[in-house]
Amino acid sequence: MTARTLNLDDALYQYLLDVSLRETPLLRRLRDETQALPNARWQVAPEQGQFLALLIKLTAARQVLEVGTFTGYSALCMAQALPSDGSLICCDLPGDYNATARRYWQEAGLEQRIELRLAPALETLVGLELAGRHESFDLIFIDADKANYPAYLESALRLLRVGGLAVFDNTLWSGRVLEVAPASEDTRAIQALNRALKDDSRIDLSLLPLGDGLTLCRKR
């Protein structure tokens, strides 16, 4: 058998967190508060948030865009990693969780670094293009409605600078990507995205089994 990615059972996953997760008390409190919400599954895993922060530092990102913000955990991870002159635009729909995100950003002293735009994300992305933001973003994290993932890819490639990263969450979709003729539009969209990315000459590609699947696309 060739080398392959290790399967994590609960004990090994907990070990991973114990020896590597550097979650601040504020982030942990936000994560715990979010777990009490009906849509808690929308929140990224803590190791994903830490990985996104590391990507920002590795790429020296200053202009970051997030599509799908929820209670703001991943946004807070990324904003903390940005330099003092960096900025993060977050796209989401209006909801009670917006206030939670803003409250934690304010407590972290980062509310001036984060702009939350409440509208359908595709409208916000078109607006950014019309405002002349082509090829101005260093990193775009996409974790929103899955049915629009292929459309988000095209927008991201127009908004990213050459060498910038588009990062898609949930690209393994709890194994549902293996379904044949799935009824779910979301599942079909993720399958279509994954197939398209494999042969997309515009990007360099890596799909990581982190969280529910995290795909990194570097714009060539």
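Below, the structure is looked at part by part. Starting afresh in each chain, residues are numbered from 1 along the sequence in its written order. Whole-chain, interface and lining totals are the exception, using all residues; otherwise, since this is a predicted model, local features are given only for residues with pLDDT of at least 70 and side-chain atom pairs are given and counted only at 80 or more. To obtain the side-chain values, all non-hydrogen atoms of the structure were used and water was disregarded.

Residue placement: Glu66 occurs in strand 1 (residues 63-67). Throughout this description, buried means an accessible area under 20% of the type-specific maximum (1.4 Å probe, protein chains only), exposed means over 50%, and partly exposed covers the range between. In this tally, Lys and Arg are treated as positive and Asp and Glu as negative; His is ignored, and so are the chain termini. Basic side-chain nitrogens of Lys or Arg form a salt bridge, by our definition, when they fall within 4 Å of a carboxyl oxygen of Asp or Glu. Put simply, Glu66 is tucked away with no salt bridge, and the nearest opposite charge, on Lys146, sits 11 Å away. N or O atoms closer than or at 3.5 Å make up a polar contact, with two conditions inside protein: a donor-capable atom paired with an acceptor-capable one, and, for residues adjacent in sequence, both atoms drawn from side chains. A polar side-chain atom of Glu66 sits 2.5 Å from a polar atom in the side chain of Ser74. In what follows, a contact means two residues having at least one pair of non-hydrogen atoms within 4.5 Å. Those residues in contact with Glu66 that sit more than four places away from it in its chain are Ser74, Ala75, Met78, Leu88, Ile89, Cys90, Cys91 and Phe141. Strands are runs of DSSP state E lasting at least 2 residues, helices are runs of H or I lasting at least 4, and numbering of each runs from the N terminus.

Viewed as axis vectors pointing N to C, helix 2 (residues 25-35) and helix 5 (residues 97-107) meet at an angle of 170 degrees, and their least axial separation amounts to 11 Å. One element, helix 2, and the other, helix 5, form an angle in the roughly antiparallel class. Mapping the contact onto sequence places Leu26, Arg29, Leu30 and Glu33 in helix 2 and Thr100, Arg103, Tyr104 and Glu107 in helix 5. Three classes are used, and their members are as follows: Ala, Val, Leu, Ile, Met, Phe, Trp, Tyr, Cys and Pro are nonpolar, Asp, Glu, Lys and Arg are charged, and the others, Gly among them, are polar. When grouped by side-chain class, the residues that make up the contact of helix 2 with helix 5 number three nonpolar, one polar and four charged. The angle between two axes is taken between their N-to-C directions and runs from 0 to 180 degrees, where each axis is a line fitted to C-alpha atoms and a helix contributes only its stretch in contact. The scheme is simple: roughly parallel for angles under 35 degrees, roughly antiparallel for over 145, roughly perpendicular for 65 to 115, oblique for anything else.

The next subject is the packing of helix 2 against helix 4 (residues 73-81). Each pair of packed helices gets described by two things: the angle between the helix axes and the distance between those axes. Running from N to C, helix 2 and helix 4 cross one another at 165 degrees; their axes reach a closest spacing of 10 Å. Compared by their axis directions, helix 2 and helix 4 come out roughly antiparallel. Our pair here, helix 2 against helix 4, has a crossing hand that is right-handed. Packed against helix 2, whose contacting residues are Leu26, Leu27, Leu30 and Arg31, the element helix 4 presents Tyr73, Leu76, Cys77 and Gln80 at the interface. Left-handed is the label given to a crossing in which the near helix is rotated counterclockwise from the far helix by less than a right angle, and right-handed is the label when the rotation is clockwise.

For this text, the term disulfide refers to a pair of cysteine sulfurs within 2.5 Å. Here the structure, examined in full by the defined rule, presents zero disulfides. Free of any disulfide, Cys217 has its nearest neighbouring cysteine sulfur in Cys91, separated by 17 Å.

In this scheme Phe, Tyr and Trp rings, the latter by its six-membered ring, pair at centre separations within 6.5 Å, and the angle between planes marks the pair as stacked below 30 degrees, edge-to-face above 60, and tilted otherwise. Taken as a whole and judged by the stated rule, the model has five aromatic pairs. Ring centres of Trp42 and Phe70 lie 5.2 Å apart, and the angle between their planes is 70 degrees; this geometry places the pair in the edge-to-face category. Placement of the pair is Trp42 in the loop between helix 2 and helix 3 (46-59) and Phe70 in the loop between strand 1 and helix 4, with a sequence separation of 28 residues. A relative accessible area of 7% means that Phe70 is categorised as buried. Ring pairs connect the aromatic residues Trp42, Phe70 and Tyr97, which therefore count as one cluster. Note on geometry: a ring has a charge over it if NZ (lysine) or CZ (arginine) is within 6 Å of the ring centre and within 35 degrees of the ring normal. The ring of Trp173 carries Arg176 above its face, with NZ or CZ at 4.1 Å from the centroid.

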